[in-house]
Amino acid sequence: MSYLDYSQNHSELDDFSPCINNKQNQVNKLFSTYQSPQTVCNQLISNIRSQEQEQEHVFLDNFEQAAKEENFRNFVIDKTIGENIQNCCKSFRDGFSTVINFTLTDIFTSKELIDIIGGISKPITKEEMQNFIDLNGYNSNDEQVSYFFDTILEMTPKEQQKFLRYVTASQALPAGGLKELQPHLTLTRIDFDNSINIDLAYPTVSTCSNMVKLPPFSSKEVLQTQLKKAIEFSGLTFQLG
């Protein structure tokens, strides 16, 4: 008879030796959790295979996602600076060649071609305004003309671009500056009846004729404020470039 069988059939031993019962419980617990080496190996192999399959699924998912993103990037690149641009360039070249042989443009640098076709972005000078802005209703000695010239000169390059877009519908002047703008920029005086406070009025423009219609404001500060507001208010109007 084994020790375990004996102890199970003679519970009265518990009265004499409590430690025997405690040892028995420990042995029973040990045997209840015991797993053979083969079982442990099988479980280990199963866990490894499960992890490998999970990692494989993750890898495949990531690979497919990466492939989709790469295809999308290639599509966007092609449509923005690839096929579409090539078609636009070809159409421009074909159209340009109906006027002048495109090979003649080889004598110009890229910067010169951009200036010729798209206009120039350089600060407007006082000399240009004095020589190439036509006056209608004003004369060169009027304070408002001086206010206007000073206001344009004090603008930042970005503000001057906005002014040009406001007046001409293009933010760049043609190559040659104001001198080559056709028709010339015109400063026209516009008056109101005495019931209207001139300083609350705004300048207006006629973009087709490159004309600024300027009320006779009482000061340079008022002109600056009202002109800049008018330019900002025009932000939603049409433009050519």
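Residues numbered from 1 in each chain as written. Predicted model: local features only at pLDDT ≥ 70, side-chain atom pairs only at ≥ 80, totals over all residues. Heavy atoms only, no water.

**Some thoughts on the UniProt feature "active site" (unreviewed entry) in the chain**
Right, so step 1: Here the UniProt feature "active site" (unreviewed entry) sits at Cys-208.
Right, so step 2: By secondary structure assignment, the location of Cys-208 is in the loop between strand S3 (204-206) and strand S4 (211-214). (UniProt positions renumbered as here; feature names shortened; annotations may be inferred. Helix = DSSP H or I, 4+ residues; strand = E, 2+ residues; numbered from the N terminus.)

**Details of the pattern of salt bridges**
Right, so step 1: Counted under the stated rule, the structure contains four salt bridges.
Right, so step 2: For Lys-220, the salt bridge goes to Glu-154, with nearest N and O atoms at 2.5 Å. One end of the pair, Lys-220, is in helix H9 (residues 220-233); the other, Glu-154, is in the loop between helix H7 (143-153) and helix H8 (157-168), with 66 residues separating them in the sequence.
Right, so step 3: Overall, Glu-154 belongs to the partly exposed group, its relative accessible area being 48%.
Right, so step 4: Across the salt bridge formed by Asp-191 and Arg-189, the nearest N and O atoms sit 3.0 Å from each other. (Salt bridge = Lys/Arg side-chain N within 4 Å of Asp/Glu carboxyl O. Buried < 20%, exposed > 50% of the residue type's maximum accessible area, 1.4 Å probe, protein only.)

**Overview of the environment of Glu-154**
Right, so step 1: Along the backbone, Glu-154 and Gln-224 are 70 residues apart, and their C-alpha atoms lie at a distance of 9.8 Å.
Right, so step 2: Reaching out from Glu-154, the side chain makes a polar contact with the side chain of Lys-220 at a distance of 2.5 Å. (Polar contact = N/O pair within 3.5 Å; in protein donor to acceptor, adjacent residues only side chain to side chain.)

**Quick word on the environment of Val-212**
Right, so step 1: Along the chain, Val-212 turns up in strand S4.
Right, so step 2: Residue classification places Val-212 among the buried residues on the basis of a relative accessible area of 0%.
Right, so step 3: Separated by 23 residues in sequence, Val-212 and Arg-189 have C-alpha atoms that sit 8.4 Å apart.

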